[in-house]
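Descriptive structure summary
Next come the chains, spelled out residue by residue.
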Amino acid sequence: MQLDPQGMAPDDLSHAGSVVDKAIEYMMDQKIAPISVASALLGGALGLLARTMDDRAIAGVLRNALMSVESGELREMREQMPDQPPGN
């Protein structure tokens with residue numbers, strides 16, 4: 001599902017996020033390495049985007065993700081988590 005014309009998130013985004021969080025929790029409980037979990041999720045997300053969006057729209061999604069990294073948004077999230085070494 002794509003954002004509406006005003007840029008609002010779809011109603012089911014929270015539900016989808018909860019499902020992904022549970023999948024991550026399960027994989028971590030199975031002792032799958034965090035980089036493997038992240039790589040599998042990213043690969044699956046890119047595959048879904050490729051099936052449902054054109055290349056220009058996919059590039060926009062990826063630019064937004066990169067802006068989150070460059071702005072420090074992800075670092076702020078990491079700093080709010082309980083003490084964990086980077087990469088875990």
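Along each chain, numbering runs from 1 in the same order as the chain's sequence is written. Reporting in this predicted model follows two pLDDT cut-offs: at least 70 for local features of residues, and 80 or more for side-chain atom pairs to be given and counted; totals over whole chains, interfaces and linings ignore these cut-offs and use all residues. Only heavy atoms go into the side-chain values, all of them from the structure, while hydrogens and water stay out.

1. A closer look at the overall build of the chain
Operational definition: Helical segments are the DSSP runs of H or I of at least four residues, strand segments are the runs of E of at least two, and each set is numbered from the N terminus. Exposure is judged per residue with a 1.4 Å probe applied to protein chains only, and the accessible area is read against the type maximum: over 50% gives exposed, under 20% gives buried, and values in between give partly exposed.
From N to C terminus, the chain includes four helices and zero strands. The order of α-helices and β-strands along the chain, N terminus first, is α-α-α-α. Residue burial in the chain is summarised as follows: out of 88 residues, 9% are buried.

2. Remarks on the confidence of the model for the chain
Basically, it comes down to this: Summary of the metric used: pLDDT quantifies the predictor's per-residue confidence within the range 0 to 100.
Of the residues in the chain, 84% have a pLDDT of 70 or more, and the chain-wide mean is 87. By mean pLDDT, helix α4 (residues 73–80) is the weakest element of the chain at 87, and helix α2 (residues 34–52) is the strongest at 96.

3. Overview of a nonpolar patch on the surface
Selection rule: Residues enter patches when they are more than 30% accessible in relative terms and free of salt bridges; like-charged ones are connected within 9 Å and nonpolar ones (Val, Leu, Ile, Met, Phe, Trp, Tyr) within 5 Å. Note on areas: Shrake-Rupley, 1.4 Å probe, and residue coverage restricted to the protein chains presented here. A pairing counts as a salt bridge when a side-chain nitrogen of Lys or Arg comes within 4 Å of a carboxyl oxygen of Asp or Glu.
Taken together, the side chains of Leu66, Val69, Leu74 and Met77 present a nonpolar region at the surface, about 350 Å² in accessible area. Among the secondary structure elements, those contributing two or more residues to the nonpolar patch are α3 (55–70) and α4. Mapping Leu74 onto the fold places it in helix α4.

4. Structural notes on α3
The test is simple: How far a helix is expected to stretch is found by multiplying one less than its residue total by 1.5 Å. Between N or O atoms, a polar contact is any pair within 3.5 Å; within protein, one atom must be a potential hydrogen donor and the other a potential acceptor, and residues adjacent in sequence are included only when both atoms are from side chains.
Here α3 spans 22 Å end to end across 16 residues, near enough to the 22 Å set by a 1.5 Å rise per residue. Where α3 begins, one side-chain oxygen reaches toward the backbone nitrogen of Arg56, 3.2 Å away; that side chain belongs to Asp54. Backbone geometry just downstream of α3 places Gly72 in the positive-phi region, at approximately 90°.

5. Structural notes on the pattern of salt bridges
This structure, assessed with the given rule, holds one salt bridge. The partner of Lys22 in a salt bridge is Glu25, with the nearest N and O atoms 3.9 Å apart. Taken together, the positions of Lys22 and Glu25, both in helix α1 (residues 13–29) and three residues apart, correspond to about one turn of that helix. Exposure remark for Glu25: the relative accessible area of 42% places this residue in the partly exposed category.

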